[in-house]
Amino acid sequence: MLDTFRVGLLLTEQCNIECSHCWFSSGPDRRAHMELDEALDYIDQIKEIPSVKWISFTGGEPFLLPEMLVSVVDFASKRGFQTECVTNCFWAETEEGAVARLGELVDVGLDAINISADDFHQRHIPFRKVSNCYWAARRLGLKVVIMCAMAKSSTLRVQVIVRRLGDEGIHIVGEREPKVPVSALAVETGFTPVGRAAEIPKDEWLIGNSPVGGPCRVVLRDIGIAPDGRVLPCCSAASQVEYAAIGNAKEDRIGELVEKASQRPLFRILSREGPSGLAKLLGSKILTGYVGRCHLCHGVLTDPGLRHALLAFQPS
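Residues numbered from 1 in each chain as written. Predicted model: local features only at pLDDT ≥ 70, side-chain atom pairs only at ≥ 80, totals over all residues. Heavy atoms only, no water.

So, on to the packing of helix α3 (residues 95-107) against helix α5 (residues 127-139). Interhelical geometry of α3 versus α5 gives an angle of 55° and a closest axis separation of 8 Å. On the basis of the axis angle, α3 is oblique to α5. Remark: the crossing between α3 and α5 carries right-handed chirality. Contact residues: E95, E96, A98, V99 and L102 in α3; N132, C133, W135, A136, A137 and R139 in α5. Taken together, the residues of the contact of α3 with α5 break down into 7 nonpolar, 1 polar and 3 charged. (Axes fitted to C-alpha atoms, helices over the stretch in contact; angles between N-to-C directions. Helix = DSSP H or I, 4+ residues; strand = E, 2+ residues; numbered from the N terminus. Parallel < 35°, antiparallel > 145°, perpendicular 65-115°, else oblique. Left-handed = near helix turned anticlockwise from the far one by under 90°. Contact = heavy atoms within 4.5 Å. Nonpolar A, V, L, I, M, F, W, Y, C, P; charged D, E, K, R; others polar.)

With that out of the way, let us pick up the nonpolar core. In terms of nonpolar packing, the biggest core is built from 82 residues, with L9, F57, L102 and I113 touching the most fellow members. In this structure L102 touches F63, W91, I113, C133, A136, A137, L140 and L142, once residues within four positions along its chain are discounted. Residues I17, A149, A197 and W205 belong to the second largest nonpolar core, which totals 12 residues. (Core = buried A, V, L, I, M, F, W, Y, C linked by side-chain atoms within 4.5 Å. Buried < 20%, exposed > 50% of the residue type's maximum accessible area, 1.4 Å probe, protein only.)

To continue, consider the sheet that holds strand β2 (residues 54-58). Ordered in space as β6-β7-β5-β4-β3-β2-β1-β8-β9, the 9 strands form an open sheet in which the pairing is mixed. Among the strands making up the open sheet, the edge pair consists of β6 (170-172) and β9 (231-232). Here 4 bridges tie strand β3 (residues 82-87) to strand β4 (residues 112-116), and the two strands are oriented parallel to one another. Within β4, the residue paired with T87 across the bridge is I115. (Pairing = 2+ DSSP bridges.)

The next subject is the pattern of salt bridges. Summed over the entire model, instances satisfying the criterion amount to 16 salt bridges. The shortest N-O distance in the salt bridge between R157 and E188 comes to 2.8 Å. Taken together, the residues R157 in the loop between β5 (143-150) and α6 (158-165) and E188 in strand β7 (residues 184-190) connect sequence positions 31 residues apart. R230 is the salt-bridge partner of D228, the closest N and O atoms lying 2.9 Å from each other. Residue classification places R230 among the partly exposed positions, given a relative accessible area of 24%. Beyond isolated ion pairs, a larger network of salt bridges with shared partners links R6, E84 and D222. (Salt bridge = Lys/Arg side-chain N within 4 Å of Asp/Glu carboxyl O.)

Below you can see the structure in the form of structure tokens.
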């Protein structure tokens with residue numbers, strides 16, 4: 001069995017905004033969400049998987065469910081998990097207000113906050129709210145990760161975000177080692193043109209910006225659970241392909257589903273070779289035209305010939 005280290009609970013499909021790059025296609029009109037008792041049951045099930053250290057509460061926008069968010073963070077923390085929340089910061093009207101909101105979560109054990117900031121989000125949300133959330137989190141001692149999605153025409157790049165936040169301690173992942181103590185991490189990636197993001201013109205895709213070859217380091221290690229109970233093999237756009245779902249947590253234990261999935265040729269190939277291994281199985285050597293490994297993975301998983309190719313697969 002692959003060692004699952006994190007589980008993302010997608011508490012809701014709803015978001016207060018409708019970003020054009022969202023592969024999950026979240027928005028104000030999407031209403032599906034987990035019930036509190038379901039989320040607590042999933043956390044208890046996750047406790048049965050010894051390798052899991054982190055639970056991430058995401059969506060959609062999980063801060064649309066403030067009371068539930070406090071309850072699930074409290075429940076997970078008391079069971080020994082490190083906890084993270086993902087947010088677009090829409091709620092951070094002032095820094096003091098953000099301290100109060102995040103303080104409730106810190107009081108029940110929140111460890112980290114994952115902030116989305118980029119041109120896509122800031123078309124809807126003033127950057128000052130990102131700043132309010134960031135500095136509130138720093139004051140409260142939370143670990144902070146800033147996620148920045150970009151297109152070719154993006155101007156709010158990760159370096160600009162760091163400069164506008166005014167914190168020299170933010171380390172941009174992939175750049176040289178920082179000269180000062182790290183206060184936060186910032187990650188910049190090209191958007192994946194899947195879901196609503198598939199409608200973005202191709203001349204905005206950052207093709208070739210990220211590697212498409214090599215093994216996948218997150219499949220069955222960083223899994224997700226959707227509001228309807230579907231257990232997703234990862235937290236990327238490729239996980240939305242129906243063929244990739246590994247079962248439903250309302251019907252079977254999460255640990256058992258992950259164990260069974262780890263024996264499937266599909267996930268064995270992804271873990272060892274990545275989506276390029278599946279492309280090779282399909283007889284395709286064309287790995288161009290993709291923005292990264294997750295985009296290629298979505299492409300091969302939706303190929304109608306994949307099921308037949310896997311049935312004929314003979315492991316070496």
